[in-house]
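An overview of the molecular structure
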Amino acid sequence: MRKMAFYIAILALIVVVLFPLYWVVVTSVKTTKDAFAIPPVWLFEPTWENYQRVLNNGVFIRAFMNSVLISITASAISVAIGALVAYGLVAQEEPVRRSNEKFVLSLRIAPPLIFIIPTYFLAAQLKLLNNHWVIIAVYAFINVPFAISLLITFFEDIPKELRDAAKVDGARELTIFWNVFLPVAKGGIVATMILCVLFTWNEFFIALVLTGRDTQTLPVSITSFLTFQGVQWGPLTAAATLVMLPMLVLGMLVQGQVVRGMSLGSIKG
């Protein structure tokens, strides 16, 4: 009886968690009449008009391209720096390494607001507010501590004998990092890269403050469907679905690597 109650509770929790996603997707293929029908319409003829309006919207397309450019570039920079630092930490002696890991952790828990306001004023003074590289640099800086923490768990899983054997053969640290650690931990590196892309893709507050008309990302551009005449629920939910879909696919692709990395970190920490 208790087991059945547990499964019912889990099922109810899944329904509660997934219902908003279901509502967004279903509303995106409803007409305005069906979307606001009371009682709700469960059986209806889907329409793709909302998606056509979104895909024909130049602002949304430009924001999509901005999100792709900013997310991939910032994440690549974060993973590149994070991999080098993670390798350096793994190669250090235990007392020194733990001290440095605490410093990295302190950077992860620092709220973005601490440096967003100074960055905004500095960018304003230099007239760089509507510049892709400013927001790329900010996102890269934010994601570096996360990339370091996650990559450490993957690098720790690599046998130390590989590094020792390479050093005996006369290989330098950079050579060991490039030819030994990166190939062995490529799954974890890809997972870290995708997670950084996911976080950057969905971030709203920093993009709202630092981007302009030419550099705004998808989370910011979606607010254009909130007009003085009212909320355009059809295009809004269609745009939200298009924003969520790539990240849902990427999240499912790396969930095994992420769970593995997080579990390793919790055990070794």
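Residues numbered from 1 in each chain as written. Predicted model: local features only at pLDDT ≥ 70, side-chain atom pairs only at ≥ 80, totals over all residues. Heavy atoms only, no water.

**Considerations on the packing of helix α4 (residues 58-91) against helix α7 (residues 132-156)**
Between two packed helices, the angle of one axis relative to the other and the distance separating the axes together describe the packing. Where α4 meets α7, the closest approach of the two axes is 6 Å, and the angle between their N-to-C directions is 40°. One finds that α4 runs oblique with respect to α7. Note on packing geometry: the crossing formed by α4 with α7 is right-handed. Residue composition of the contact of α4 with α7, grouped by class: 23 nonpolar, six polar and one charged. (Axes fitted to C-alpha atoms, helices over the stretch in contact; angles between N-to-C directions. Helix = DSSP H or I, 4+ residues; strand = E, 2+ residues; numbered from the N terminus. Parallel < 35°, antiparallel > 145°, perpendicular 65-115°, else oblique. Left-handed = near helix turned anticlockwise from the far one by under 90°. Nonpolar A, V, L, I, M, F, W, Y, C, P; charged D, E, K, R; others polar.)

**Side note on the nonpolar core**
Among the nonpolar cores identified, the biggest contains 27 residues, and F155 and F181 are the most heavily contacted of them. Put simply, the parts of the chain that give this core at least two residues each are α4, α7, α9 (173-184) and α10 (186-202). In terms of residue count, the dominant contributor to this core is α7 (nine residues). The contacts of F155, once residues within four sequence positions are left out, are A83, A86, Y87, V90, F177, F181 and A185. Counting residues in each nonpolar core, the second largest holds 16 residues, with F60, A63, W201 and L236 among its members. (Core = buried A, V, L, I, M, F, W, Y, C linked by side-chain atoms within 4.5 Å. Buried < 20%, exposed > 50% of the residue type's maximum accessible area, 1.4 Å probe, protein only. Contact = heavy atoms within 4.5 Å.)

**Looking at α9**
Between its terminal C-alpha atoms α9 stretches 16 Å, which fits the 16 Å expected from twelve residues at 1.5 Å a residue. Considered for burial, the residues of α9 that qualify are I176, F177, V180, F181 and L182. Looking at the packing, one finds that the buried side of α9 touches α4, α7, α8 (160-168) and α10. (Expected span 1.5 Å × (residues − 1).)

**Observations regarding the packing of aromatic side chains**
Following the criterion strictly, the structure yields nine aromatic pairs and no others. What links up through ring pairs into an aromatic cluster is the set Y87, F155, F177 and F181. (Phe/Tyr/Trp six-rings, centres within 6.5 Å; stacked < 30°, edge-to-face > 60°.)

**Details of helix α1 (residues 2-28)**
Over its 27 residues, α1 runs 39 Å from end to end, which matches the ideal 39 Å to within 8%, given 1.5 Å per residue. If you look at α1, its biggest bend is around 40°, right at L18, and the proline P20 turns up within four residues after that. Those residues of α1 that sit buried are V24, V26, T27 and S28. (Bend = angle between axes of the 7 residues up to and from the residue.)

**Let's talk about the pattern of salt bridges**
Applying the stated criterion across every chain, the model contains two salt bridges. The shortest N-O distance in the salt bridge between E173 and R163 comes to 2.8 Å. Taken together, the positions of E173 in helix α9 and R163 in helix α8 put the pair ten residues apart, joining distant regions of the chain. Given a relative accessible area of 33%, E173 falls into the partly exposed group. Here E173 ties to K167 by a salt bridge, and the two come within 3.8 Å at their closest N and O atoms. Judged by its relative accessible area of 41%, K167 is partly exposed. (Salt bridge = Lys/Arg side-chain N within 4 Å of Asp/Glu carboxyl O.)

**Some thoughts on the environment of V231**
As for its position among the elements, V231 is in strand β2 (residues 230-231). Sequence-distant contacts of V231, defined by excluding residues within four places in its chain, comprise F225, L226 and L236.

**A closer look at unusual backbone geometry**
At K127, a position not held by glycine, the phi torsion is positive, near 60°. With respect to the element layout, K127 can be found in the loop between α6 (113-125) and α7.

**Focus on the side chain of T47**
Positionally, T47 belongs in the loop between α2 (32-35) and α3 (49-55). A polar side-chain atom of T47 sits 3.2 Å from the main-chain amide nitrogen of E49. Ignoring anything within four residues of it in the chain, the contact list for T47 reads S28, V29, K30 and T31. (Polar contact = N/O pair within 3.5 Å; in protein donor to acceptor, adjacent residues only side chain to side chain.)

**Notes on a nonpolar patch on the surface**
On the surface, F19, Y22, W23, F36, W42, L43, L226, V231 and W233 cluster together into a nonpolar patch covering about 1,000 Å² of accessible area. Tallying contributions element by element places α1 first for the nonpolar patch, with three residues. (Patch = residues over 30% accessible without salt bridge, like charges linked within 9 Å, V, L, I, M, F, W, Y side chains within 5 Å. Areas by Shrake-Rupley, 256 points an atom, 1.4 Å probe, with all protein chains shown as cover.)

**Considering the confidence of the model for the protein**
For the protein, the average pLDDT comes to 83, and 94% of its residues sit at 70 or higher. At the low end of the mean pLDDT range in the protein sits helix α13 (residues 233-268), at 71; at the high end sits α4, at 92. Note on residues 264-269: pLDDT is under 50 here. Beyond four places in sequence and across chains, it has seven contacts. (pLDDT = per-residue confidence, 0-100.)

**Here's the deal with the environment of T192**
Residue position: T192 is located in helix α10. Other than its neighbours up to four places away in sequence, T192 contacts V79, A147, L150, L151 and F154.

**Structural notes on the packing of α7 against α10**
Across the interface, α7 lies against α10 with an axial gap of 10 Å and an inter-helix angle of 150°. Comparing the axis directions of α7 and α10 gives the class roughly antiparallel. For α7 against α10, the interelement crossing comes out right-handed. Taking contact as the criterion, the partners of Y139, N143, F146, A147, L150, L151 and F154 in α7 are, on α10, G188, I189, T192, L195, C196, F199 and T200. Taken together, the residues of the contact of α7 with α10 break down into ten nonpolar, four polar and no charged.

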